[in-house]
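Analysis of the macromolecular model
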Amino acid sequence: MGACNLVKRKKVTDELKPYGAKQKTFDQRYLEMALIWARNSYCVRRQVGALIVKGKMIISDGYNGTPAGFENICEDENNITKPYVLHAEANAITKVAKSHNSSENSTLYVTTSPCMECSKLIIQSGIKRVVYCNRYPKTDGLDLLRRAGIELVFLDLENDIYEIQ
Ligand SMILES: [Zn+2]
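Presented here is a report on the structure given in the accompanying data block. (Residues numbered from 1 in each chain as written. Predicted model: local features only at pLDDT ≥ 70, side-chain atom pairs only at ≥ 80, totals over all residues.)

Burial within strand S1 (residues 49–54) is extensive, with 6 of its 6 residues counted as buried. Of the two faces of S1, the one lined by Gly49, Leu51 and Val53 and the one lined by Ala50, Ile52 and Lys54 are each fully buried. Counting the residues that bridge the hairpin from S1 to strand S2 (residues 57–63) gives 2 residues, and of these glycine 55 lies at a positive phi of roughly 60°. Pairing geometry for S1 and strand S3 (residues 107–112), over 4 bridges, is antiparallel. Residue pairing across strands places leucine 51 opposite tyrosine 109, the latter belonging to S3. (Buried ≥ 20, exposed ≤ 12 C-beta atoms within 10 Å, placed from the backbone. Helix = DSSP H or I, 4+ residues; strand = E, 2+ residues; numbered from the N terminus. Pairing = 2+ DSSP bridges.)

Structure representation (structure tokens):
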């Protein structure tokens, strides 16, 4: 019984951190990809990119923007972000929902720390790790993720900071 539980737990860990000693390096590379992906965003105020990785496979991607079929303009005439703009995390998660994949036990790489609304989606979609680089001033989203037992990794690529929170 005990041994079976151990094996099961190890399997989940392997899926979550499949790169062993090179996990940090791969976390950095995926975050760099998310930073490049953020450049796809049409948003002027802030460009955010996200990737969802399960095992060793990228299963989704997203950047902040309006829903499919809408104009590619995120801000209104007063430079206020339109209420229907989806955050990068929400776009990545809903892209999985449209696919045959599952985000259960996956890692989310995102270039700005998640807000409260996205954090709720992250928890419900079964994502178990969140790796991010820029800290959004409001931390209520991160606090919620922590409460849900999701591993948070703050990664500062320029200063080589890798902080598991
Ligand atoms: Zn958000």
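Back to the write-up after that little detour.
Turning our attention to the nonpolar core. Soluble, globular proteins show a tendency: their nonpolar side chains are buried together. Within the largest apolar cluster, 28 residues are counted, with the highest numbers of intra-cluster contacts made by Ala34, Ala50, Leu51, Leu108, Tyr109, Val110 and Val130. Mapped onto this core, the elements with two or more residues apiece are helix H2 (23–38), S1, helix H3 (88–98), S3, helix H4 (116–124), strand S4 (129–134) and helix H5 (140–147). When near neighbours in sequence (up to four residues on either side) are disregarded, leucine 51 contacts Tyr30, Met33, Ala34, Trp37, Ile58, Asp61, Ala92 and Tyr109. (Core = buried A, V, L, I, M, F, W, Y, C linked by C-beta atoms within 7 Å. Contact = placed C-beta atoms within 7 Å.)

Our next topic: the pairing of strand S6 (residues 161–164). In terms of strand pairing, strand S5 (residues 151–156) meets S6 through 4 bridges, oriented antiparallel. Following the sheet pairing, leucine 155 is matched in S6 by tyrosine 162.

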